[in-house]
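Geometric and topological summary
What follows is each chain in one-letter form.
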Amino acid sequence: METVSVLTCPECGHTQAETMPENACQWFYECTACAALLTPLAGDCCVFCSYGTRPCPPVQAGIKCCGDWS
Ligand SMILES: [Zn+2]
């Protein structure tokens, strides 16, 4: 399981490697460069799925994730 994802800020383009929680989704992330508060895009369960280099651990594991109830 890969738990490190590189987030790219949509506001300033800053990239930052972050460790993802293995059994939870992270809805909010504050850019370390410009302090923009990132939230998941429509259809994504967490900021890592929207802005990271890899999806969050629950999605990697094929587990139905918190944001997908449809
Ligand atoms: Zn930023």
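Scroll up a little and you will see the structure.
A brief report on the enclosed structure follows. The structure displayed is predicted, hence computed values, not measured ones. (Residues numbered from 1 in each chain as written. Predicted model: local features only at pLDDT ≥ 70, side-chain atom pairs only at ≥ 80, totals over all residues.)

**Some words on the overall build of the protein chain**
- Counting secondary structure elements, the protein chain contains two helices and four strands.
- Secondary structure elements of the protein chain, listed N to C terminal, follow the sequence β-β-β-β-α-α.
- Its C-alpha atoms give the protein chain a radius of gyration of 11 Å, near enough to 11 Å, the size a compact globule of 70 residues would have.
- Overall, the C-alpha framework of the protein chain stretches about 35 × 25 × 15 Å when taken along its three principal axes.
- Considering only contacts in the protein chain between residues 6 or more positions apart, those separated by 24 or more positions represent 34%. (Helix = DSSP H or I, 4+ residues; strand = E, 2+ residues; numbered from the N terminus. Rg over C-alpha atoms; globule rule 2.2 N^0.38 Å. Contact = placed C-beta atoms within 7 Å.)

**Considerations on the environment of I63**
- Following the sequence through the fold, I63 ends up in the segment after α2 (57-60).
- In this structure I63 comes out as exposed when scored by C-beta crowding, with 11 C-beta atoms within 10 Å.
- Sequence separation between I63 and N23 is 40 residues, and the spatial gap between their C-alpha atoms is 9.8 Å. (Buried ≥ 20, exposed ≤ 12 C-beta atoms within 10 Å, placed from the backbone.)

**Here we look at the nonpolar core**
- Counting residues in each nonpolar core, the largest one holds 13 residues, and the members touching the most others are C46, V47, F48 and C56.
- Here this core takes four residues from helix α1 (residues 47-51), the largest share from any one element.
- Among all residues touching C56, those that are not within four sequence positions of it are M20, C25, C45, C46, F48 and C49. (Core = buried A, V, L, I, M, F, W, Y, C linked by C-beta atoms within 7 Å.)

**With respect to unusual backbone geometry**
- At A35, a position not held by glycine, the phi torsion is positive, near 65°.
- In this fold, A35 is placed in the loop between β3 (29-30) and β4 (37-38).

**As for the pairing of strand β1 (residues 4-8)**
- A one-sided burial pattern is seen for β1, the buried positions being S5 and L7 and the unburied ones V4, V6 and T8.
- For β1 and strand β2 (residues 15-19), the ladder comprises five bridges, and the chain directions are antiparallel. Across the sheet, the residue bridging to V4 is T19, located in β2.
- Following β1, the chain reverses through six residues before pairing antiparallel with β2; G13 in that reversal takes a positive phi of roughly 85°. (Pairing = 2+ DSSP bridges.)

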